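# Geometric and topological summary
This is what each chain is made of:
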Amino acid sequence: MPIARAAPELELDVERLRRDRYAKLQFQMAVDGFDALVLLHAPHVAYATDCLPKGVDATHASANRPVAVVLADQPQPCLLGGDPEGLDVDPHPAVWPDIDEGAADLGAQLEAILGQHARGGRVGIDLMTGAMRRTGVLSAAEITDAANTMGAVKLRKTVDELACIHQAQARTSRAMASVQEALVPGVRRSELAAVFLRRLREEGIDANMIDVIFQPMARRMADGPRTTTGHLAFPTWSGDPVYAEGDLIWVDAGSDYHGYASDFGRTWTVGRPPTGAEQRCFERWLAVMDASYEAIAPGASFAEVCAAATAADAAHQPDGERPWMPHFYLVHGVGIESAEMPFLGTDNGPDFDAANTLEPGMVMVLEPAIWEDGTGGYRAEEIVAVTENGWIPLGGGHPYDPFEVPR
Amino acid sequence: MSLHLQRRTRAVEALAAAGIDMLVAGRQDHINYITGAHQLWTAGTRPFGPVCTLNVATGEIFLLSTWDEGVPDDIDIDHLHGITWNGAIIYQRLAANPGMATAQRVGVDAWSPGMAGLLSAVVPNADVVPVDDVLLQARRTKMPSEVDAIRAACAVAAEAVAAALAHSGTDAQRLAAGVEAMAQAGSSTPAAEPRVEGNIVDFSCIRSHYEGGLGRTANAASPAARPHAALIAACVPGATGQDLRRAAPDGEWLVRGSGMGFEPPVINARYGASEVLEEHMVLSVSAGTGEEYARDTVLVTESTPEILSPEEP
C-alpha cells in the first residue's frame, strides 16, 4: 500500500535553488518577450530574489513590501527594500507602494532601473496598488500581466523546491503531533492554536500562512452552515469552540519553509476512538487515495486521475457524486502559493481536466473528502511530487491516528 | 445599528461622494470593514481579484464565500458566490451583477493588467478607478466601538509581550512563548512580524478584525522617559507630520494608522510631512533602537492622547 510512505531525503541547496529559479525566470521572460518584470506579490518577489514572504497580516505584508525587478539578460535581480543581506541581488532603497509618496518613489526608481524600457518597453507586472495608478507608475511602458510567466516557471518544481515543500510538510506535521496530544475534551480551539504556533517556531518555521483550522463538523450537512453548493462548509471561521468528547474535528494548516507552503490535513476524534461508521469513512478515503496514487504518472491526464478516484468510491455514491468537496478539487498544487496549478477536479470542468496532463516536477496535494450524512466524514491531505517514472511523497508518513489503517 | 453597518455607511458615503457607482474589492481589510464577515485569515500579500462587490446606490453586496458561517445576516445566502477556480465564472458573476451594466465609474482597491482586461470586458464604457484612498480616508477616524475593539486587541498583544519578557530562554524561545501566549489570549493571527531581539519585545495581533500592538524593552523606563514619549504627546488634533518630525527622537521612529491592520497616515522621517492628525484617529507610535525602544497604540482625543495599550503588560 503506497500510503504513509516516508519521503526520500531531499537536501535543500539554497544557492542552487536561487540559480535554477532565476535561470528559469530569464528563460520564460525570453519566451514571453518581456524586457522586464516588476513583481510586488510577495511569493513572486521570493521566487525572483529569495527575499522570503512573512507570515503577517495582509495589510502589513503590503504596506512596505519589497519589490523585485528582473531585467532580461541581467545576471541578478533588483530588490527594492526587503533585507538584501546574504541575497544575490542588486539592492535598492525601500518604497511604500501603498501610499502615494511611496509609489512616487517606486516610479522614480523604476525609471532609473528600467532605463529605455520604461518608455515603450514590454514590462510584465503582477499587481499595481491604487497609489501606483494615481501616481502614473510605468504609464509610458507597455504593461502586461506577469501571471502567465510566473505560472509557467513555478509549475514544474526544481529539486530544491521539492526539498522546501518536504521540509515545510515534515515540520508542520511534527508540530501537529503535539497538538493532537493536547486534544482532550474541554480544550478550546485557541489552546490548540497556541500549541501549534509555539511548536512551529520550535521547528524553525516563522511564517504561518493560514489561521490554523480545527473545525468541529456537524454530523449532518443540514446542521452545518448553509452553502452555495448544498454541500459541506469547510474550512470556515468558527470562533473559539470548546471541544467535547466524541467531536469530529477536521484539521487544516499551512505554513512556509523557505517560502514554500505545507498543507496539513487530518481528521481527529476527541476523547474516544472512531466509531465503526467513522472508521468506514476513513477506509473509503484510503481506497480513493490508493486509486489516485495508482493513476498518478507523467502523461496522465487530470481527468484520468479524477476518474480513478471517483471509481474507487462509486459503490458508495448512488448519485454519482465525486469523493471531494465540490467547491474545491481532488488535487491542488502547492509551492510558493498554498494553492496553485495543477488543479484537478475543479469547476473548470471536464474539458479542462481532459486537456491537461501531469508532468514531472508538478507537486500535488491530494485532498479527497468522504461524507456520510448522519455519520460525518473523513478528510486528510497528502503531498506527492510527480517524477519521470511516477511520484514520490513529500513530508509523508504522518499517522492517521486515531483511525486505523487496515493491514 | 451594528458596527459593521455603521462602517458600511461611512464607506458608502465616501464612495458616493467620489462619484463611484460600483466597488469591486479584493483587499480583505476593506471587505471586512464593509461586510463584517469573518473569513479565513491568510497571511501575506494577495493578487488582485474580485472578492466583494458593493452597489453604491442600492447598498447591494455580493461576497465570495461558499458558506454563511461568519457572514452577517444582512448578506443573504443568495448574495454569496461560492469559491471558484474558473475565470469564466468570475466574468459571468460580474456581468450579471445588477448595477454593473449601467455603472459609469467602477472603483477598485488594487489593479492588475489581467483583472483590468476582465473588467473592461464586463464594463467596456466605465472608468475603472482606484478607490483604496477613498476607503482608507473613510476608515481614518474610529468610532467608539472600534476603539473598544482595538483596546481589546492591545490587551491580547500585551499578553504576548509579558510572556516574552518573563521568559528567560533564548530569543527564539521567548518569541515562541509570546506567540503561544497571544493565541491562548485570543489571537492566532499576527498583525506585524513579532520581534524578540535581546532587550526588545514587540507583538501585535489581529483580533476580531482589529489590530492591537505594543513594544517594550526589559526594565523599561517610566512612561514619561520612554523614547516615544514626546511623539505620543505630539499626537493631538491638528498636528502635522512636520510637527511629529520635530517631536521625534534621533534614530528610527514611525507613526502610522492602526485599525483593521496597518493604515494611513504613514508619518516618518521620509513620508507624511503634510498629514494632519484628527480626533478619533488611532495610531501606532514607535521609536528607539537598541537598548531604548517602545511602541504604543494611541487614540487621538480632543486633549491628551489616550494610550490604548497597557502600560505594564
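One can find the structure itself at the top, above this paragraph.
Here, residues in each chain are numbered from 1, in the same order as that chain's written sequence. Labels follow written order: the first chain is A, the first ligand is 1, and so on. A pLDDT threshold of at least 70 governs which residues receive local features in this predicted model, and a stricter bar of 80 or more applies before side-chain atom pairs are shown or counted, although totals over entire chains, interfaces and linings include all residues. To get the side-chain values, take all heavy atoms of the structure and skip hydrogens and water.

All names here are of chain A. Strand order in the open sheet made by the 3 strands is β8-β9-β12, with antiparallel pairing throughout. Each edge of the sheet is formed by a strand with only one pairing partner; in this case those strands are β8 (213–216) and β12 (264–269). Neighbour-to-neighbour, the strand axes of this sheet turn through a mean angle of 20 degrees, independent of strand direction. Being paired, for any two strands, means DSSP has found at least two bridges between them. Elements are defined by DSSP. Helices are runs of H or I of four residues or more, strands are runs of E of two residues or more, and each kind is numbered from the N terminus. Where strand β9 (residues 248–253) lies against β12, 6 bridges are found, and the strand directions are antiparallel. Across the sheet, residue V251 finds its bridge partner in β12, namely R266. Together, β8, β9 and β12 form the strand contacts of helix α7 (residues 159–182), whose direction differs from that of β12 by roughly 15 degrees. Angles shown run from 0 to 180 degrees and are taken between the N-to-C directions of axes, each axis being a line fitted to C-alpha atoms and, for helices, limited to the stretch in contact. Note on contacts: a residue pair is in contact if any heavy atoms of the two residues lie within 4.5 Å.

Here we come to helix α8 (residues 189–202) of chain A. Spacing of three or four residues puts side chains on the same side of an α-helix, whose turn is 3.6 residues. Under the 1.5 Å per step criterion, the end-to-end length of α8 of chain A is 20 Å for 14 residues, consistent within 8% with the ideal 20 Å. When accessible area is computed with a 1.4 Å probe and restricted to protein chains, residues below 20% of their type maximum are described as buried, those above 50% as exposed, and intermediate ones as partly exposed. Burial runs high along α8 of chain A: 10 of the 14 residues are buried. Among all positions in α8 of chain A, only R189, S190, L192, A193, A194, V195, F196, L197, R199 and L200 of chain A are buried. Where the residues of α8 of chain A are buried, they touch α7, β7 (207–208), β8, β9 and β10 (255–257) of chain A together with α7 (171–185) of chain B. Multiply 1.5 Å by the residue count of a helix minus one, and that product is the helix's expected span.

Residues and elements named next belong to chain A. By the element assignment, A163 lies in helix α7. Overall, the relative accessible area of 0% leaves A163 in the buried class. Distance in space between the C-alpha atoms of A163 and L12 is 5.4 Å, their sequence separation being 151 residues. If sequence neighbours within four positions are ignored, A163 has contacts with L10, E11 and L12.

Take the interface of chain A and chain B next. Contacts between the two partners involve 65 residues from chain A, matched on the other side by 62 residues from chain B. Overall, the association of chain A and chain B removes approximately 5,600 Å² of surface from exposure, summing both partners, and the carbon and sulfur fraction of that is 60%. Here the buried area means the combined drop in accessible surface, using a 1.4 Å probe, for two parts upon being joined, counting both sides. On the chain A side of the interface with chain B, the three residues burying the most area are H60, R226 and W237 of chain A, jointly 12% of the side's total. Basic side-chain nitrogens of Lys or Arg form a salt bridge, by our definition, when they fall within 4 Å of a carboxyl oxygen of Asp or Glu. R198 of chain A is paired through a salt bridge with E180 of chain B; the nearest N and O atoms lie 2.8 Å apart. Pairs of N or O atoms are called polar contacts if they sit within 3.5 Å, as long as, within protein, a hydrogen donor faces a hydrogen acceptor (for residues adjacent in sequence, only side-chain-to-side-chain pairs). Summed over the shared surface of chain A and chain B, the result is 28 residue pairs in polar contact (both at pLDDT 80 or more).

What follows deals with the packing of helix α1 (residues 14–32) of chain A against helix α6 (residues 147–155) of chain A. Residues and elements named next belong to chain A. Where α1 meets α6, the axes come as close as 10 Å, and the angle between the chain directions of the two elements is 135 degrees. Of the possible angle classes, the one that applies to α1 and α6 is oblique. Crossing of α1 over α6 shows right-handed handedness. Counting all contacts with α1, which are made through K24, L25, Q28, M29 and D32, the residues of α6 involved are T149, M150, A152 and V153. Split by residue class, the contact of α1 with α6 holds 5 nonpolar, 2 polar and 2 charged. Put simply, angles under 35 degrees are roughly parallel, angles over 145 are roughly antiparallel, angles from 65 to 115 are roughly perpendicular, and the rest are oblique. Note on convention: the crossing is left-handed when the near helix lies turned anticlockwise from the far helix by less than a right angle, right-handed when the turn is clockwise. Ten residue types, Ala, Val, Leu, Ile, Met, Phe, Trp, Tyr, Cys and Pro, are classed as nonpolar, four, Asp, Glu, Lys and Arg, as charged, and the remainder, Gly among them, as polar.

All names here are of chain A. One open sheet accounts for 6 strands, arranged β4-β3-β2-β1-β5-β6; its pairing is mixed. Of all strands in the sheet, those with a lone pairing partner are β4 (90–92) and β6 (142–145), marking the two edges. Adjacent strand axes in the sheet meet at a mean angle of 25 degrees, parallel and antiparallel pairs treated alike. Strand contacts of α1: β1 (36–39), β2 (67–71) and β5 (122–125), with the helix running at about 65 degrees to β2, the strand carrying the most contacts. The strands touched by helix α2 (residues 42–49) within the sheet are β1, β2 and β3 (78–80), with β2 carrying the most contacts at an inclination of about 45 degrees.

With respect to the helices and strands, D98 of chain A occurs in the loop between β4 and α4 (100–114). By relative accessible area, which is 16% here, D98 of chain A ends up buried. Among the polar contacts made by the side chain of D98 of chain A, one reaches the side chain of R27 of chain B at a distance of 3.0 Å. The contact partners of D98 of chain A, leaving out residues within four places of it in the chain, are S62, A63, R65, T129 and A131 of chain A together with R27 and D132 of chain B.

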